[in-house]
Amino acid sequence: MDAFSLKLKTWTGSFADPRLFQIFSLGILLATGAYFRDFSIRPEQVVLTFAAGLLTQAACWRLTPSKPRTLRSAIITCLSLTLLLRADNLLAHPMAAAFAISSKSLLRFRGKHLFNPATFGVIFAISFLPGTWVSPGQWGQDFAIAGWVAMLGILVTQRARRADISWTFLGFYLGAAAIRIAYLGYRWAVWTHQLESGALLLFAFFMISDPMTGPNSGRGRIAHAALVAAIAFVWQFELYRTNGLIWALFAAAPAVALWDSLWPAQQFVWSQNGGGDETVSVSKTNARDVLVHRSDARRAA
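Cut-offs and rules
- Residues numbered from 1 in each chain as written.
- Predicted model: local features only at pLDDT ≥ 70, side-chain atom pairs only at ≥ 80, totals over all residues.
- Heavy atoms only, no water.
- Axes fitted to C-alpha atoms, helices over the stretch in contact; angles between N-to-C directions.
- Helix = DSSP H or I, 4+ residues; strand = E, 2+ residues; numbered from the N terminus.
- Parallel < 35°, antiparallel > 145°, perpendicular 65-115°, else oblique.
- Left-handed = near helix turned anticlockwise from the far one by under 90°.
- Contact = heavy atoms within 4.5 Å.
- Nonpolar A, V, L, I, M, F, W, Y, C, P; charged D, E, K, R; others polar.
- Salt bridge = Lys/Arg side-chain N within 4 Å of Asp/Glu carboxyl O.
- Buried < 20%, exposed > 50% of the residue type's maximum accessible area, 1.4 Å probe, protein only.
- Phe/Tyr/Trp six-rings, centres within 6.5 Å; stacked < 30°, edge-to-face > 60°.
- pLDDT = per-residue confidence, 0-100.
- Expected span 1.5 Å × (residues − 1).
- Core = buried A, V, L, I, M, F, W, Y, C linked by side-chain atoms within 4.5 Å.
- Patch = residues over 30% accessible without salt bridge, like charges linked within 9 Å, V, L, I, M, F, W, Y side chains within 5 Å.
- Areas by Shrake-Rupley, 256 points an atom, 1.4 Å probe, with all protein chains shown as cover.

**Quick look at the packing of helix α3 (residues 43–60) against helix α4 (residues 72–84)**
So, point 1. In the contact formed by α3 and α4, the axes pass within 9 Å of each other and the chain directions differ by 150°. Here α4 runs roughly antiparallel to α3, going by the angle between their axes. Once α3 is placed against α4, the crossing between them reads as right-handed. Here Val-46, Thr-49, Phe-50, Gly-53, Leu-54 and Gln-57 of α3 lie close against α4, whose contacting residues are Ala-74, Ile-75, Cys-78, Leu-79, Leu-81 and Thr-82.
So, point 2. For the contact of α3 with α4, the residue count by class is eight nonpolar, four polar and no charged.

Here it is, written out as structure tokens:
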């Protein structure tokens with residue numbers, strides 16, 4: 001294949017990259033939320049988030065030179081931070097973005113970053129930066145909003161082949177909530193009210209489904225979804241603490257290594273030098289061949 005054909009294939013194939021659909025989906029959510037739901041985020045906070053996040057990503061390329069150089073994952077992280085994090089100052093968002101992106105290169109285990117970057121950035125902000133908070137109520141309980149989040153999320157998870165962990169998490173979490181409601185004798189309208197939460201669906205379809213930080217095997221993803229659901233349920237309904245979903249995903253992150261050890265499977269990687277026409281899975285035995293292929297592709301381009 002000549003250089004022109006290889007470049008054309010890479011350019012056309014890149015439209016199938018699930019990250020592009022996630023960027024598109026999160027962008028729609030941010031735009032519609034800011035316009036219709038009056039998200040309390042200022043334009044300058046959005047601009048500073050992206051400036052800090054993208055500059056940090058460029059700086060981190062030196063730490064992982066074998067990884068494809070692409071800004072798509074960084075854009076997703078910045079969009080997620082602007083959707084989740086709120087602050088009464090201009091410093092919190094760019095600092096959260098910088099720490100979130102840095103965590104991908106600095107906090108790694110067995111070739112994977114340990115924490116979901118957006119989750120790490122939010123936890124860092126609300127733990128150490130004054131004037132920051134997460135506002136799950138900003139989504140409201142409007143069924144139409146929840147339906148749009150679910151539809152866009154299904155599109156993303158299906159393309160990234162991680163819909164199983166999203167649906168498993170929802171099954172465990174909402175199932176536990178249903179048992180609690182039945183035990184306490186509450187009206188079932190309380191359960192449907194929780195089902196319509198845009199924040200819950202955003203978490204299930206856009207955060208826990210991250211293929212770069214989740215378990216490699218299907219059984220591991222089921223176990224991880226059950227663990228995150230259990231932690232979130234106890235945090236929310238037994239300890240009566242806020243932000244249970246985000247804290248649960250953060251606390252359960254080290255367990256991914258356990259699931260990968262119990263049920264070894266091929267590791268998820270993005271293809272085509274930063275996102276291409278497909279996502280591929282490689283094991284340790286052929287990871288070197290994939291990197292050689294990428295290097296050859298860059299030289300041919």
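Past the structure itself, the notes keep going.
**Thoughts on the pattern of salt bridges**
So, point 1. Tallying each qualifying case throughout the model produces three salt bridges.
So, point 2. With a shortest N-O distance of 3.1 Å, Glu-44 and Arg-42 are connected by a salt bridge.
So, point 3. Exposure remark for Glu-44: the relative accessible area of 34% places this residue in the partly exposed category.
So, point 4. Arg-42 gets classed as partly exposed once you look at its relative accessible area, which sits at 37%.

**Thoughts on the packing of aromatic side chains**
So, point 1. Summed over all chains, the structure comprises 13 aromatic pairs.
So, point 2. Ring geometry for Phe-115 against Phe-120: centres 5.6 Å apart, planes inclined by 35°, an arrangement best described as tilted. Both residues of the pair, Phe-115 and Phe-120, count as buried.
So, point 3. Plain terms: the ring middles of Trp-247 and Phe-250 are 6.1 Å apart, the flat faces sit at 90° to each other, and that makes the pair edge-to-face. Remark: Phe-250 and Trp-247 occur in helix α12 (residues 244–252); sequence separation between them is three residues, near one turn of the helix.
So, point 4. According to the relative accessible area criterion, Phe-250 is partly exposed, its value standing at 22%.
So, point 5. An aromatic cluster of three or more residues is present, and its members are Phe-115, Phe-120, Trp-235, Trp-247 and Phe-250.

**Here we look at the environment of Gly-198**
So, point 1. Note on placement: Gly-198 falls in helix α10 (residues 198–206).
So, point 2. Residues Gly-198 and Gln-138, spaced 60 residues apart in sequence, show a C-alpha to C-alpha distance of 8.8 Å.

**Quick word on the side chain of Ser-25**
So, point 1. In this fold, Ser-25 is placed in helix α2 (residues 18–36).
So, point 2. Once you skip the residues sitting within four places of it in the chain, Ser-25 turns out to touch Leu-152, Val-156 and Phe-206.

**With respect to the confidence of the model for the protein chain**
So, point 1. The pLDDT averaged across the protein chain works out to 80; a share of 75% of its residues lies at or above 70.
So, point 2. Contacts for the low-pLDDT stretch residues 4–13, under 50 throughout, to residues beyond four places or in other chains number nine contacts.

**Some words on helix α5 (residues 92–106)**
So, point 1. End to end, α5 covers 20 Å across 15 residues, agreeing with the expected 21 Å (1.5 Å per residue, within 8%).
So, point 2. The buried count for α5 comes to eleven of 15 residues, which makes it a mostly enclosed element.
So, point 3. Along α5, the residues classified as buried are Ala-92, His-93, Pro-94, Ala-96, Ala-97, Ala-100, Ile-101, Ser-102, Ser-103, Lys-104 and Ser-105.

**Examining the nonpolar core**
So, point 1. One finds Phe-169, Tyr-173 and Phe-206 to be the most contacted residues of the largest nonpolar core, which totals 46 residues.
So, point 2. What Tyr-173 contacts, discounting residues up to four positions off in sequence, is Leu-200, Ala-229, Ala-232, Phe-233, Gln-236, Phe-237 and Leu-245.
So, point 3. Grouped together as the second largest cluster of nonpolar side chains are seven residues, Ala-87, Ala-92, Ala-96 and Ala-125 included.

**Here's the deal with a nonpolar patch on the surface**
So, point 1. Taken together, Tyr-183, Leu-184, Tyr-186 and Val-190 make up a surface patch of nonpolar side chains, about 430 Å² in accessible area.
So, point 2. One can find Tyr-183 in helix α8 (residues 163–184).
So, point 3. The class for Tyr-183 is exposed, based on a relative accessible area of 72%.

**With respect to helix α11 (residues 218–238)**
So, point 1. Look at α11: 29 Å from first C-alpha to last across 21 residues, which is about the 30 Å you get at 1.5 Å a residue.
So, point 2. Among all positions of α11, only Gly-220, Arg-221, Ala-223, His-224, Ala-225, Val-228, Ala-229, Ala-232, Phe-233, Trp-235 and Phe-237 are buried.
So, point 3. Of the surrounding elements, those touching the buried residues of α11 are α8, α9 (189–195), α10, α12 and α13 (255–262).
So, point 4. One or two steps after α11, the chain reaches Tyr-240, where phi turns positive at roughly 55°.

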